[in-house]
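Coordinate inspection notes
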Amino acid sequence: EGDRLSISVRDRGMGIPAAEQKAIFGKFVRGARSREIGVKGTGLGLAIVQHVVAAHDGDVRLESAPGEGSRFTLRIPLEREP
């Protein structure tokens, strides 16, 4: 994407409702459906990803809908400003 490196990861999982999409990047936050069906996890993975990408002046984009899976796109500048 021009002056950014983009890496996308897509799954065909349960998807993430729009109401939860911003919150899931917080520490120890897990989706309601994941908790309901007993999916194991600490809720740290996406918080760590967002932290590392932000440290490189990048951003994480999410496209998801329940029942359709999710696509996470990490966008990192190819060159950092001095």
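To be clear, the structure that these remarks concern was listed above.
Summarised in this report is the structure supplied together with it. Just so we're clear, the structure is a prediction, and the values are computed from it rather than from any experiment. Throughout this description, residue numbers start from 1 for each chain and increase along the sequence as written. Only residues with pLDDT of at least 70 get local features here, since the model is predicted, and only at 80 or more are side-chain atom pairs given and counted; chain-wide, interface and lining totals rely on the full set of residues. Note that the side-chain values use all heavy atoms of the structure and ignore hydrogens as well as water.

**Topic: the pattern of salt bridges**
Any Lys or Arg side-chain nitrogen located within 4 Å of an Asp or Glu carboxyl oxygen qualifies as a salt bridge. Scanning all chains against the criterion turns up 4 salt bridges. For the salt bridge of D59 with R75, the shortest nitrogen-to-oxygen distance reads 3.3 Å. Here R75 lies in strand β3 (residues 69–77) and D59 lies in strand β2 (residues 59–65), a separation of 16 residues in the sequence. Looking at D59, the relative accessible area reads 25%, which means it is partly exposed. Under the scheme used here, helices are H or I runs from DSSP no shorter than 4 residues and strands are E runs no shorter than 2 residues, and both carry numbers assigned from the N terminus. Per-residue accessibility, obtained with a 1.4 Å probe over protein chains only, is compared with the maximum for each type, and a residue is labelled buried under 20%, exposed over 50%, and partly exposed between these values.

**Comments concerning the packing of aromatic side chains**
Put simply, two rings from Phe, Tyr or Trp (the six-membered ring, in Trp's case) pair if the centres are within 6.5 Å, and we call them stacked under 30 degrees between planes, edge-to-face over 60, tilted for the rest. By the definition in use, this model includes 1 aromatic pair. Ring centres 6.4 Å apart and planes at 75° place the aromatic pair F25 and F72 in the edge-to-face group. Here the residue F25 occupies a position in the loop between β1 (4–11) and α1 (32–37), and F72 occupies one in strand β3, the gap between them amounting to 47 residues. The same class applies to F25 as to F72, namely buried.

**Digging into the environment of D57**
Following the sequence through the fold, D57 ends up in the loop between α2 (45–55) and β2. For D57, a relative accessible area of 41% corresponds to the partly exposed category. Taking the C-alpha atoms as reference points, D57 and R75, 18 residues apart in sequence, are found 8.8 Å from one another. Should any heavy atoms of two residues lie within 4.5 Å, those residues are considered in contact. Every residue in contact with D57, bar those within four places of it in the chain, is listed here: R4, P77 and R80.

**Regarding the nonpolar core**
Side chains of a nonpolar character, in soluble globular proteins, are inclined to be buried together. Each nonpolar core is a collection of buried residues, namely Ala, Val, Leu, Ile, Met, Phe, Trp, Tyr and Cys, held together in the definition by side-chain atoms within 4.5 Å. Residues I16, I24, F25, V53, V60, L62, F72 and L74 constitute the largest nonpolar core, which totals 8 residues. For this core, the secondary-structure elements that each account for two or more residues are β2 and β3. Apart from residues no more than four positions distant in its own chain, V60 is found in contact with F25, V49, Q50, V53, F72, T73 and L74.

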